[in-house]
Amino acid sequence: MSLLRGTALSLAFDDHAILEAVDIELKRGEMLGLIGPNGAGKSSLLRCLAGSTQTDSGVLQLGEQRIEDIPRNEQARRIAYLPQQTEVHWPLSVERIIELGRIPHLEPWGKLSERDQQMIEQVISGADLLPFRHRPFNTLSGGERARVLLARALASEPEILLADEPVAALDPAHQLDVMAMLAEHCSRGNAVIVVLHDLRLAAHFCQRLQLLHQGRTLAVGKPGEVLTPDNLENAYQIHLPDSQSAIDTLLNITWKRIPK
Amino acid sequence: MPGIRGFILIWLMLAAGLSWGDGRPPSRVVSINLCTDQLLLMLADADQIASVSYLSLQPESSFVAGEAIRYPTNHARPEELLALDPDLILTVEFTDRRLLGLLDKLGYRVARLPMPTSISAIESNIRQLAELLGQPARGTALIHKMRSALSQIPPQPANQRPKALFYQPRGYTSGSGTLQNEALALAGWSNLAAEKGIHGYNSIDLESLLLGQPDQIFSSTYTGETRSLAQRQLRHPALHHITHNRPIIEIPFKYWICGGPMITDAVAELHAALPNKP
Amino acid sequence: MLGEIRQARLLGLLCVIAGSLFLASLLFGSQTIPVFQALQETFADTSSVLALILTEVRLPRALIALFAGATLGLCGAAMQAMLRNPLASPGLIGSASGAALGAVIALYFGSAALSQFSLPLGGILGSLGATLLVYLLAGRNACTLTLILAGVAINSLSLALISLLLNLAPSPYAVQEIVLWMMGSLNNSSMDNFWIMLPGTLLGWILLLRVGRALDALTLGEETAQSMGVDLPRLRWRIFLAVALAVGSAVSVTGAIGFIGLVVPHMLRPFVGYQPGRLLAASALGGAILLLAADILVRLLPAQTEIKVGVVTALVGAPFFLYLIIKSRRYNQ
């Protein structure tokens, strides 16, 4: 059974097609990587799945239910969305930002429950943020910020996490940290859709990839099936000399973070 | 009849040139202020009056609106005044200095009456203007009439005078040295504002007014059916509570806008408002 | 640096300060009266002068300061949170001047036959109109500069129209009241004034009761907030309507008292850990404190005619505003 299924999703702005009949499916426990060149429609697709943009046509289902039939708050509990560039508008402390993740679970007047507190603690230590928990967000480095924002999304215990380029502008070590957090989330029976530009990370961490090009799905499947010389040439307009062996290297590379 | 017209013309030129202190009463008097309009209409012969100000036609501020209709009106503009060719221009102390300067330069005779702040000052204005107009007997008669009207009002013993004050929009009141103060006294009231040491036309603080515990509040606005924050202040509930719900009595503004014989009517109205009149 | 304080403790502290200032504003007036005796008389016999001064002169003034100050503080905090802009406030983005314009039209040009509630109604409509106009002019995701420019434009327009209308108004007193509308004053307020501002003010507050969480979520931007379950269009309308109701009613009685909505949220933000939701209640109390204090000050200052309370809030607020600008300049470098 799929956790999330989108069928024939289409979106256009002023007659300019952004998405054209895109199908997407997400299974429990998997990390699906959305790849494709800039402007392919990856972020738009993610926004549609997150409900912040309405598709013009198509059906979006969460489990067995159509998304329109699910109350807003329940949607928010089941799906968390991490936009590409999240600005934090006030210098809240790390702990306060992560607390925000619990909002979908709270009554309008309710305080954080024991369970909420537990979850927050778990996420803070899981994201290795214990030393920073009282630091204002604006004093953190880029890598720390990315971890905090991801931790906020994870704090709501979403069965589906939609992350739009969560590793952009991070150094390799921090990229691995963030990807490891996403993988950890999947391993608990949840699922992640992540937009990536780094094909090495995509190949390494995602069970399936979906390659978008000009608003359409060019290929979908296991990394080895999607990352073919033809697909890459068509989608990215790049030519790889001796491409298949390069791709094999890409698929087989294993990076490990040196334990701290 | 060109002869007669020519004669009049020459006579006018002579009159204009010779009227300075020749003892002959002025015959083309122009008043450019409501206050002098009123006294002029009360004291002068009809054929002495050349023009009165347009303000004298407005019944809400003028006591002489009925009579004023018979005369040409002016707006105190230099062009109008030149065309009227007056031999005496009447106005009050506070008049546009540039207009006065211009009239002086053109050689017109201008008489300026002070703004009276007491009954004796009103009498002195009447006397002065009656002299100027060559009507001293009318002046004396008018003063006499005023005094006899005032003497009709029985004096109130000093220890039985209820407290009152004028309260105007924006919280202004009339303290000592004002016509309202003298009128209140003559009518048998004691003026709370003057007791509080307020001199002239000045603002009084609401708490200070309440602490004075007036028995009656008078007002005298010239605003008609208009609305403003200033006027809304007169509806403050505390003002009604303090006088035990006696409504604020409105004394028409035209009694005071110019000091004149009409002050007697104001005194009579104030007197009629006394509580427990004998 | 000033640190976060537990919410209950913070609100308790602010309540105590606001309560003390409220009592102080009953104690101090232009005249010195034996307040204790006045209190006794108030409870015994309402027709005594001291009781009258206490209940009809000082009480309405203190109540209006409390409610109008709280409204400005609360609405400033709500607007800053919604627009995620520290310079948004009823005074800067036109809500207050629009309210004054609406109230001026209702008061000076409305017929006397209209109910006295036409005054706050005019204020509410004016406030809503001006706020929406600024919002539309500046666009949905306006940066600070655009928002301020749109606010300046609408403020100037409102103030110019107020001046024009007061010059044209039939009442001879109207012209002298321009300053009163622009600076705000609590002088000579009566219980009637308080009663007419109360319904709109309370309605506005009620609308803002449950927006705290949504505003917290907005800290992370509109998209994230939406994904967290916030119905953004509805939230926007709710806040605009609430601000119009509360600020419109308050300003129609007090005039446009400036800077409270700007300064108070800023001063209190560190104490609530910068959380917009927590800031709302604190800012409401802070606004009440600032206006009560300013109003006590104008009563104590020796002056021939009473200084407008808006003058004091501006004297406190304008330097603070400059400080904010300098601070934000340093951030951007």
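The structure we're discussing is the one just above.
Conventions we followed
Residues numbered from 1 in each chain as written. Chains lettered and ligands numbered in written order. Predicted model: local features only at pLDDT ≥ 70, side-chain atom pairs only at ≥ 80, totals over all residues. Helix = DSSP H or I, 4+ residues; strand = E, 2+ residues; numbered from the N terminus. Rg over C-alpha atoms; globule rule 2.2 N^0.38 Å. Contact = placed C-beta atoms within 7 Å. Buried ≥ 20, exposed ≤ 12 C-beta atoms within 10 Å, placed from the backbone. Nonpolar A, V, L, I, M, F, W, Y, C, P; charged D, E, K, R; others polar. Core = buried A, V, L, I, M, F, W, Y, C linked by C-beta atoms within 7 Å. Expected span 1.5 Å × (residues − 1). Pairing = 2+ DSSP bridges. Axes fitted to C-alpha atoms, helices over the stretch in contact; angles between N-to-C directions. Parallel < 35°, antiparallel > 145°, perpendicular 65-115°, else oblique.

Some points on the overall build of chain A
If you tally the helices and strands in chain A, you get 10 helices and 10 strands. In terms of C-alpha radius of gyration, chain A reaches 19 Å, essentially the compact-globule figure of 18 Å for 260 residues. With the C-alpha coordinates aligned to their principal axes, the bounding extent of chain A is approximately 55 × 45 × 35 Å. Residue pairs at least 24 apart in sequence account for 68% of intrachain contacts in chain A once pairs closer than 6 positions are excluded.

Topic: the overall build of chain C
Scanning chain C for helices and strands turns up 14 helices and zero strands. Secondary structure elements in chain C, listed N-terminal to C-terminal, are α-α-α-α-α-α-α-α-α-α-α-α-α-α. Against the 2.2 N^0.38 benchmark of 20 Å for 333 residues, chain C shows a C-alpha radius of gyration of 20 Å, consistent with a compact globule. Taken along its principal axes, the extent of the C-alpha atoms in chain C is 60 × 50 × 35 Å. A burial count over chain C gives 58% of its 333 residues as buried. Within chain C, contacts between residues separated by at least 24 positions form 78% of all contacts whose residues are at least 6 apart in sequence.

A short note on the interface of chain B and chain C
Often, the extent of an interface is quoted as the loss of accessible area upon association of its parts. Opposite the 25 residues of chain B that make contact, chain C presents 24 residues. Among the secondary structure elements, those contributing two or more residues to the side of chain B that touches chain C are α10 (206-211), α11 (229-232) and α12 (237-242) of chain B. Per-element accounting of the side of chain B that touches chain C gives the leading share, five residues, to α10(B).

Structural notes on the interface of chain C and chain A
Of the residues lining the interface, 19 residues belong to chain C; the matching set on chain A comes to 25 residues. Mapped onto the side of chain C that touches chain A, the elements with two or more residues apiece are α9 (212-218) and α10 (222-227) of chain C. The greatest single-element share of the side of chain C that touches chain A, amounting to four residues, is contributed by α10(C). Split by residue class, the side of chain C that touches chain A holds five nonpolar, eight polar and six charged.

Side note on the nonpolar core
Core analysis: the biggest nonpolar cluster contains 190 residues, and L162(A) and A78(C) have the highest contact counts within it. Broken down by element, the residue count for this core peaks at 17 residues, all from helix α3 (residues 49-83) of chain C. Discounting residues that sit within four places of it in the chain, A78(C) has contacts with L208(C), V211(C), L215(C), I239(C), A242(C), V243(C) and L280(C).

Some thoughts on helix α8 (residues 191-208) of chain C
All names here are of chain C. A rise of 1.5 Å per residue sets the reference length of α8, with its 18 residues, at 26 Å; its end C-alpha atoms lie 25 Å apart and thus fit the reference within 8%. Within α8, burial applies to N193, F194, I196, M197, G200, T201, G204, L207 and L208. On its buried face, α8 is in contact with α3, α5 (118-138), α11 (232-254) and α13 (276-300).

With respect to the sheet that holds strand β3 (residues 73-74) of chain B
Hydrogen bonding along the main chain pairs the strands of a sheet, whether they run parallel or antiparallel. Residues and elements named next belong to chain B. In spatial order, the strands read β3-β2-β1-β4-β5; together these five strands make up an open sheet with parallel pairing. Bordering the open sheet on either side are β3 and β5 (110-113), each of which pairs with just one other strand. The pairing of strand β1 (residues 29-31) with strand β2 (residues 49-53) spans two bridges and is parallel. Residue pairing in the sheet places V29 in a bridge with I49 of β2.

Things to note about unusual backbone geometry
All names here are of chain A. Even without glycine at this site, Q214 takes up a positive phi of about 50°. Locating Q214 in the fold gives a position in the loop between β9 (208-213) and β10 (216-221). Take Q214: there are 15 C-beta atoms within 10 Å of it, and that puts it in the partly exposed class.

Some details on the sheet that holds β9(A)
All names here are of chain A. Taken in spatial order, the six strands make up an open sheet running β6-β7-β8-β3-β9-β10, and their pairing is mixed. Of all the strands in the sheet, just β6 (79-82) and β10 have a single pairing partner and so form its edges. Pairs of neighbouring strands in the sheet enclose a mean axial angle of 15°, with direction left out of account. Note: strand β3 (residues 31-35) against strand β8 (residues 191-195), four bridges, orientation parallel.

Brief notes about the arrangement of the chains
When the two pairs of chains in contact are ranked by number of contacts, first place goes to chains B and C. The smallest C-alpha distance separating chain A from chain B is 41 Å, and no contact links them.

Focus on the pairing of strand β6 (residues 163-166) of chain B
Residues and elements named next belong to chain B. Direction of pairing for β6 relative to strand β8 (residues 190-191): parallel, over a ladder of two bridges. Looking at the pairing, A164 lines up with N191 of β8. Note: β6 against strand β10 (residues 216-219), three bridges, orientation parallel. Its bridge partner being in β10, A164 is matched across the sheet by Q216.

Section: the packing of helix α5 (residues 142-155) of chain A against helix α6 (residues 172-187) of chain A
The axes of two packed helices give the description: the angle between them and the distance between them. Residues and elements named next belong to chain A. Where α5 contacts α6, the axes come no closer than 10 Å and their chain directions differ by 10°. In terms of axis orientation, α5 runs roughly parallel to α6. Within the contact between the two elements, α5 uses G143, A146, R147, L150 and L154 and α6 uses H174, D177, V178, M181 and H185. Each residue belonging to the contact of α5 with α6 can be placed in one class, and the counts come to five nonpolar, three polar and two charged.

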